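# Geometric and topological summary
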Amino acid sequence: MTCHEFLDHVPALVEGEPGHRLDGAAERHLASCESCQRLVADLRRITRTAATLDGRPVPPDAWHRVAARLNAEPGFAEVGNRRAGGARISYSWPWLAAAAALLFATVGVAWYAGLGRQSSSSAGVAGNAGQDQLVQSIENELQLAADHYENAIAGLEKVASASDVPLDPEVLATLRKNLDLIDGAIDESRAALRSQPGSRVAQESLFDAFRRKVALLQDTIALMNEMRKGDEAGAARIIGDLTKS
Amino acid sequence: MTDVPRTADATLARRLKQGDMDAYEELYRLHARRLYNLAWRMLGNASDAEDALQEVFLQVFRKIDGYRGDSALGTWIYRLAMNLCVDRTRSRAAHDEQKTETLDPVRMAEPGVQVPEMSVSRLDLERAIAVLPEGYRAAFLLHDVEGFEHREVATILGIAEGTSKSQVHKARLRIRHFLTQPSVATDAVTGPHLLEKRA
């Protein structure tokens, strides 16, 4: 058997096709031909490596652009409106629960009682009122959650700006750059929500940006505390996290 | 490779036909990452990949009435995507094919042909994929990178299952040829003309 003839057996060998067995001639060829042994080994390595190639992340706001193009597509709005009778806004309870969980985890228990009261009262309304009221109620909940985040951010910004601890200019520049990026994401998500209020992706994107901003401000304050205490190791650790974010 | 059950496909397809934006978002969540990555590797850059992603969803809306459920909805969408990518790369790919067709990767297996040691870093593999002719690239990406079975690759690309096996095999041989070139590490950054130069 020549190497050329043996090549017919290679795909099945490389892919490990179940039930594929080399005949005697092919087996003898493989056992004696270093070149074909290397070929099979190389192709297997290629296949294994290919399966581990990293996926590139889809740009976070790509869905908004897809949705915008769909909305601009002739006929799309008409079909959707016929189906929904003109109403395309929809919020889901799982999303609301996720947003609330995110809010509790990040902003703290101080607002828990307030949001909890609001949720139960909304649930009561939902049980007795129609769909419009339910949607309105959920919109109110989301707005409330957004307000809480914004209050938290305002408070944290105040604490951070009132500190008398000087920050290294390089760290400060990184912080500002990260805050600008997050603010940009918040603005973009808000704009997306305005054009498409029912988009879960836009909702998640907005709250994710809020969460990142709260986390960044919390880290900034923690950094100032470490510096005030003179804990260089603690400060270095926080700076490391900040510059990675 | 698994896909959502056909009943879920049918329900989702019905909602897509009705222009239900939530259904499009659901479809996006299920497939956007994979579609984007396929498009990225087929078209070679993020901007074209995102444009292709948008175009695929427009085509879903335009063509969903023609979806009969003969294949999984996912397979149908990947077929739209790959057709789109192939259309966009056809002229460029045909050009590459002319330049690279003179290579005989089979010769690499013949005795007497000295094959240098092959190293496979993921970066070099990405570079090698980028210079494959588009037919080989499509089959290789779907099978070896994305994990579709040959029968699924065949459906997506509109080819016979045997052709899928052959295309993937030839793609691997070309990648090996690329990776065993002594100057891959330095030349590969300059892209497709590496093969042209060596052909």
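Below you will find a few notes about this structure. Nothing here was measured: the structure is a model prediction, and the numbers come from that model. (Residues numbered from 1 in each chain as written. Chains lettered and ligands numbered in written order. Predicted model: local features only at pLDDT ≥ 70, side-chain atom pairs only at ≥ 80, totals over all residues. Heavy atoms only, no water.)

Bringing the environment of Ala128 of chain B into the picture now. Residues and elements named next belong to chain B. Inspection of the secondary structure assignment puts Ala128 in helix 5 (residues 122-130). With relative accessibility at 1%, the residue Ala128 sits in the buried group. Sequence spacing of Ala128 and His177 is 49 residues, and the spatial spacing of their C-alpha atoms is 9.1 Å. Excluding anything up to four places from it in sequence, Ala128 contacts Ile175 and Phe178. (Helix = DSSP H or I, 4+ residues; strand = E, 2+ residues; numbered from the N terminus. Buried < 20%, exposed > 50% of the residue type's maximum accessible area, 1.4 Å probe, protein only. Contact = heavy atoms within 4.5 Å.)

Another aspect to go through is the pattern of salt bridges. All names here are of chain B. Inspection of every chain in the model, using the stated rule, returns 18 salt bridges over all chains. In this structure, Arg41 engages Glu126 in a salt bridge whose closest nitrogen and oxygen atoms are separated by 2.7 Å. Separated by 85 residues along the polypeptide, Arg41 in helix 2 (residues 21-43) and Glu126 in helix 5 bring together distant segments of the chain. Close ionic contact of Arg127 with Asp124 constitutes a salt bridge, the shortest N to O distance being 3.2 Å. With Arg127 and Asp124 both in helix 5, this residue pair falls three residues apart, about one helical turn. We classify Arg127 as partly exposed; its relative accessible area is 21%. (Salt bridge = Lys/Arg side-chain N within 4 Å of Asp/Glu carboxyl O.)

By a widespread convention, an interface's size corresponds to the accessible area lost as its parts come together. Of the residues lining the interface, 53 residues belong to chain B; the matching set on chain A comes to 51 residues. Summed over both partners, the interface of chain B with chain A comes to about 4,800 Å²; 58% of that surface belongs to carbon and sulfur atoms. Three residues stand out in chain B for area buried against chain A, namely Met21, Arg122 and Arg172 of chain B, and they jointly supply 14% of the buried area on that side. Our enumeration of links across chain B and chain A arrives at eight salt bridges. With a shortest N-O distance of 2.4 Å, Arg65 of chain A and Glu50 of chain B are connected by a salt bridge. On inspection of chain B and its partner chain A, the count reaches 16 residue pairs in polar contact (both at pLDDT 80 or more). At the level of elements, helix 2, helix 3 (46-63), helix 5, helix 6 (134-145) and helix 8 (161-179) of chain B are the ones that each hand at least two residues to the side of chain B that touches chain A. Tallied by class, residues from the side of chain B that touches chain A come to 26 nonpolar, eight polar and 19 charged. (Buried area = accessible area lost by both parts, 1.4 Å probe. Polar contact = N/O pair within 3.5 Å; in protein donor to acceptor, adjacent residues only side chain to side chain. Nonpolar A, V, L, I, M, F, W, Y, C, P; charged D, E, K, R; others polar.)

To describe a pair of aromatic rings, one takes the distance between the centres and the angle between the planes. This model, assessed by the stated rule, comprises six aromatic pairs over all chains. Seen in terms of ring centroids, Tyr28 of chain B and Phe57 of chain B are 5.7 Å apart; in terms of plane orientation they differ by 55 degrees. Their pairing is tilted. You can see Tyr28 of chain B sitting in helix 2 and its partner Phe57 of chain B sitting in helix 3, a full 29 residues away along the chain. Phe57 of chain B matches Tyr28 of chain B in its accessibility class, with the two residues each being buried. Taking the centre distance of 5.1 Å and the plane angle of 70 degrees together, the rings of Tyr78 of chain B and Phe148 of chain B count as edge-to-face. Pair noted here: Tyr78 of chain B is in helix 4 (residues 73-100) and Phe148 of chain B is in the loop between helix 6 and helix 7 (150-157), with a separation of 70 residues, a long-range link. The same class applies to Tyr78 of chain B as to Phe148 of chain B, namely buried. Taken together through their ring pairs, the aromatic side chains of Trp63 of chain A together with Tyr28 and Phe57 of chain B make up a single cluster. The ring of Trp40 of chain B is capped by Arg56 of chain A, whose NZ or CZ atom sits 3.5 Å from the centre of that ring. (Phe/Tyr/Trp six-rings, centres within 6.5 Å; stacked < 30°, edge-to-face > 60°. Lys NZ or Arg CZ within 6 Å of the ring centre and 35° of its normal.)

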